[in-house]
Every structure is written in C-alpha cells, then in structure tokens.
Number of protein chains: 2
Amino acid sequence: MTVTAAGEEAIIQGYLAPLAAGYPGAFGLKDDCAALTPTPGHDLVLKTDAIAEGVHYRATDPPADVGWKALAVNVSDLAAKAATPRIYLLSLAFPTFPDHAWLAGFAAGLAEAQAAFGITLAGGDTDRRPGPASITPFVIGEVASGGMVRRTTARPGDHILVSGTLGDGAAGLAVLSGEDAGLSAGEIAYLSRRYRRPEPRLALRKALAHASAAMDVSDGLVKDLGRMCRASGSLGARFEVARVPVSAACRAWTASSPDRAVLPLVGGDDYELLAAVPPERLDDFGRAATAAGVAVTEIGRFTASGGVDVVGADGRSLALTKSGYDHF
Amino acid sequence: MTVTAAGEEAIIQGYLAPLAAGYPGAFGLKDDCAALTPTPGHDLVLKTDAIAEGVHYRATDPPADVGWKALAVNVSDLAAKAATPRIYLLSLAFPTFPDHAWLAGFAAGLAEAQAAFGITLAGGDTDRRPGPASITPFVIGEVASGGMVRRTTARPGDHILVSGTLGDGAAGLAVLSGEDAGLSAGEIAYLSRRYRRPEPRLALRKALAHASAAMDVSDGLVKDLGRMCRASGSLGARFEVARVPVSAACRAWTASSPDRAVLPLVGGDDYELLAAVPPERLDDFGRAATAAGVAVTEIGRFTASGGVDVVGADGRSLALTKSGYDHF
C-alpha cells in the first residue's frame, strides 16, 4: 500500500480493521455502524474522553504509547464504575496523513491495550481537519443490572481510599519535559512509564462492590475529590497529606524542590481510583483489593459539608495554591 | 453565570445538562460515565461521525443549525440500519470558550434534533484545544436482535432505490457560499435548509425490512454506491442519470451552468438513504415507504461486477470527472 496515495479507507483497512478482526459486530469496519448484542441482565456503561497532541500527549511521545494512553484513560473510567470493558469506537482527526511508522506504532499500542484491558475495536471515523491530531475513543463496558458504581453517592463518614501511588503521572510529564532533577535512570524510566502507560485499575472491580462511590483520579486528587464531594450533595472531605501514597521515585522528584511537594495532591494523569467506603465495608474492600494484588490506602474521611480540607503534618489545614488542571 | 469565568463544568451544567434531564442514566451529567439498560431482545447499533468548523460546517452557520446537523448526520446512519435512536454522548473541543449566544443556540439546535429524532444526551466530554471547534457525537440505537440492515449485503439483481432528492445539500452549500446563480428567494431558502438541516430518514425503518442492504448518502451517490458495491463483495451497479430524483430548486441550480449538471450524482451532504431491494420485495418496500410518507425512487440495478456504471440520456455510459468527496 502506498501511504501517500491512500485515503480514509486505507487507514481504516490497513491499520484499524486488524484491531476489529476478533469482533463480529465490527463487520470488518466495512459497514456504516457497529452492532453490539448486550449480555442479558446487564447494563452498559459508556464513556468518551478525547486526547489531543500537544494538550494530552506530546508530539514526541512514541505512537504506541499514544495508542495505549487513548484507550487507557477511557477504560480507567469503566474500571472506576466496576464495569467490564467490551468494545470501543474510535474517532480520529489528523491535519495531514500520518506516516506509516506513526500509524503502525499507534495501532500496535492500541492492540497491546486491547489485549491488556479485554476490549475490541468495533467502529469509528477518520477525518482530516486542521489543528492537532486528536483521538476520541468511545468505550462501552458492562455491569450486572444496577451494579454501576457512581461518583455521586459518597456519604458522610465514608473512608477515602486511593489505589496505587499519586503524583507519578505529573512527575513523569515533568521528567519527560526535561526537568530530570538529578533522578536516577531507573526513577526516570518509572515515572515516564507512569505518564505514558497508565494502567486502568480493572483488578479492583470486585473491591468496588464494597464502595459507596468511586471515580478515577485524572485531574489531581484535590480537584477530583472536590468533584466527588459536590456530586454527592455538597459533602466535605478531610484527608492527611502524610497518608497520601507516593512512590519512591516521585518522592525523590518532589524532594528536589519545595515547589514540587504539592504534586501528589494536585498532579493529574495518574488514573488511580478514588473510592468512598463505609466503615463497615472497609475490611471487605481491603481484602478484595489485596486479593486483586492492588495496594489501596486510606487517607481520610468524607464529612457532611465544608469542601476539601487538606491536613498537613502539623495537624493544620493547608492552603493549596493550585488545585489541579481545569480544561478551560 | 459569568461565561468568561466558567470552565468545562459551566458548559456541561449550564448548557448540556438540560439536554440530559429526561434520561436517568445520564445522572445529570455529574458522573464519570453514563448507563444504558438495553431493551431485552435487541441489539445496539453504534455510530460516530465528527463535524468540524470550516470542514463540515461554516463558521457563519447559525449555531442551532450546527447542533442539529451534528446529531442528524449520525442519526442518519442509524436510520439506514433500521435502528431506533436511544441516547448519545457528545465530545466537544473548542479553541477558546464559546460565547453564551453560540452555546445557547447550539444547545437549542440539539434540543430540537433530540425531539425530532427521539434521542437524548447521556454523557460526554468538553475540552479546550487549538484548531477548529469540533463536535463528535456517539449515537446508540436499537434494533430487534439480528435486525440491523447492513451495507455489505447487496446482491446482484437488487434494485437501487434512493429516498427524497439528491444534490440539494451540495447546492445548498454552494448557494450559502455566495453562488446564488439567480435563484429565487424560495429556492435559496429550500436549498440552504437542506444543507443546514438534514433530516434522517427514520420513517423508512419499516420499509428497510424489505431491503438487502442500505446506507445513507453523505459523500455523493456515485461514491457511496461504489462503497456499497465494494463492501458487498465487488458488485457492480448500473443506474440512469435521468432517473435520479432531483428537486426543482436543485434543477434550477444545476441548469445555471454545465459544470453543475453532475451535482446530484457527486454532491455530498444529502443524508438520503440508498437501499438495495430484491425484485420480489420491491412492491413491499414501495408500499411501506408510501405509508411512511417518504418518496423513494428506483434508479437502476446491482450487477455481478464492474463498478458503478452511470448511464446518460443517450443510453451510453458517462465518465465522471469527480466522484464525490474523500476525507484524505
């Protein structure tokens, strides 16, 4: 195939159709629409989150990482709802025809992510337009009827739990942007990978059966916790900075400058889960997480009102100067 | 609400949440994901098609028309599959915060389209990025299990049917771009509306039960018919130019210059349906279309091979110099 002479159908048949080969309802990407036969007794869980070059990923990122990340940030939301991924559509827009190496790498990253998350391409749309390359997946998962875990149902007294470690994604972006802060090669590689290859916490689906509410942390802990508080009827939340889980590599990075200490609280791109767990379910939640092999950490409690209260090492509330990333 | 100070959540809660008010699975657009409980015994039909300013619509188009068109071009694909629209997600990207008048008009157009098509907003994503404003709906419809009409299943000998009239969309775009060709005000208004307010042929769902295959005509009759031929296993198709249905207004426009005569064959943006109907089902198809109040016209037949053969008034095949619009 001559890429320079190829059009939309060449991208679809050359690079995308192989990703849909395992799914009959994709019709080889030769139809106008995809089909899905839902599993009886299940609800569908639906999500779309776009990523654009220069905004959500760097033009120099390996294309396989871009493909992985596009799917991962969406599947992360399914994971937070305790849903099992099924299929996705993919809307692509490019200002010029991407070269073969980029398309092949991008498709390879999608293929890796599909295998890791158990999801298959079913359809989509490819378009040329000015502006940055943009990648818009639309993912569909399933839960047993009524089983979707909500963001809006945290309750006062619930414990605040987070999975994994926070701050790695933002530290990874900083490191990739050239701020290496004297970190070791191993630390740089770890943080870079955390930024480029987020791993949706699908393993926590069983644990989430014990949660009142959950969401993923994509825009920073303080901002996303604030969203859960507002969505749950103007709750408050109080947590201790010292209990926020931070990796050794991220700790090395934050220790390199006083400005960076706040990163695990406000940095985006972690895609860890934030869950509200009632006191009587805390042990069950912890056991299920342990069985799944995912570290979870209790960092505080939801309160009846008052916004997000961040408690420092001295027991006093901190005033944050930056509360994460807003899209506008 | 002060629009200048508002962020993503202001767009969502101020303009989009009212569009989702009637749908419980949207959770007021306050959750990370939407939920859908499928109707038992049905398959879902899924489609995404993006529109971008300056590419698929004009910056000067009324925002209500942009909202309508974004949804209409996607629902048109559901109509071609004989699916009943249910819900959609909406991924929006703007280079700067749109002003209140634009957002309010856009939402009003979506509301009109929702009411006309029987579909409701369930979720989405709003983002700021460089480049043109872009609007990416993901629509979901339902068909009785196994009832999705395919693009890929036309057979040799099937009749070629089209709904409504062709060429209006492209003539409307030309007229709106200033090429009025001395048309009357009524003709200009008709063609402009056909471009800005395409109407998905949902009324033809029952008729499509008698079709072997169907798709919508969005990129021009010759190109889309060619796609159906290729998707159906390298079929051919032969149709007569004189039988292609053309509105009086479009005929006035094409008559104004020899260059324009080909427009009904290659012009895009019509969103009429193209169907392959076996001879023994032709009467049933026609009766169902009549009952639905939609004009359908038989223009030719599918053949075993040979590509798309366009037959002129003299009975000889025409060589087209332009076969519609390709995205790359």
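This is a predicted model, so every value here is computed, not measured.

Criteria and thresholds
- Residues numbered from 1 in each chain as written.
- Chains lettered and ligands numbered in written order.
- Predicted model: local features only at pLDDT ≥ 70, side-chain atom pairs only at ≥ 80, totals over all residues.
- Heavy atoms only, no water.
- Phe/Tyr/Trp six-rings, centres within 6.5 Å; stacked < 30°, edge-to-face > 60°.
- Helix = DSSP H or I, 4+ residues; strand = E, 2+ residues; numbered from the N terminus.
- Buried < 20%, exposed > 50% of the residue type's maximum accessible area, 1.4 Å probe, protein only.
- Lys NZ or Arg CZ within 6 Å of the ring centre and 35° of its normal.
- Contact = heavy atoms within 4.5 Å.
- 1 Å grid on protein atoms, 1.4 Å probe; cavity = no way out; pocket = protein on both sides within 12 Å on 5 of 7 lines; lining within 4 Å.
- Points joined across faces, edges and corners; volume = space filled by probe spheres on them.
- Nonpolar A, V, L, I, M, F, W, Y, C, P; charged D, E, K, R; others polar.

A.B. asks: Could you clarify how one ought to interpret the packing of aromatic side chains in this entry?
C.D. replies: A ring pair, where both rings are aromatic, is described by two values, the distance of the centres and the angle of the planes. A complete count under the given rule lists seven aromatic pairs over all chains for this structure. Geometrically, the ring pair formed by A:Trp68 and A:Phe117 is edge-to-face, given 5.0 Å between the ring centres and 65 degrees between the ring planes. You can see A:Trp68 sitting in helix α2 (residues 63–80) and its partner A:Phe117 sitting in helix α3 (residues 100–117), a full 49 residues away along the chain. What makes A:Phe117 buried here is its relative accessible area of 7%. With a centroid separation of 4.9 Å and an interplanar angle of 20 degrees, the aromatic rings of B:Trp102 and B:Phe106 are classed as stacked. Of this pair, B:Trp102 and B:Phe106 both sit in helix α3 (residues 100–117), four residues apart, which is roughly one turn of that helix. Of the two residues, B:Trp102 and B:Phe106, neither departs from the other in class, the shared state being buried. Feature note: the residues A:Phe94, A:Trp102 and A:Phe106 constitute an aromatic cluster, connected by ring pairs. Over the aromatic face of A:Tyr195 sits the side chain of A:Lys69, whose NZ or CZ is 3.5 Å from the ring centroid.

A.B. asks: Please clarify how the environment of B:Ala113 should be interpreted in this entry.
C.D. replies: Residues and elements named next belong to chain B. Assignment of secondary structure puts Ala113 in helix α3. According to the relative accessible area criterion, Ala113 is buried, its value standing at 0%. Between the C-alpha atoms of Ala113 and Lys69, which are 44 residues apart in sequence, the distance is 8.3 Å. Aside from chain neighbours lying at most four places away, what touches Ala113 is Trp68, Leu71 and Gly118.

A.B. asks: Mind showing me how you'd approach empty space enclosed by the protein here?
C.D. replies: Think of a ball as big as a water molecule: rolled over the atoms, this probe shows where empty space is left. For the structure shown, the criterion picks out six cavities of 30 Å³ or more. Looking at the largest cavity, its volume works out to about 70 Å³. Secondary structure elements with two or more residues in the lining of the largest cavity: β4 (84–94) and β6 (134–144) of chain A together with β4 (84–94) and β6 (134–144) of chain B. Per-class residue counts for the lining of the largest cavity are four nonpolar, six polar and two charged.

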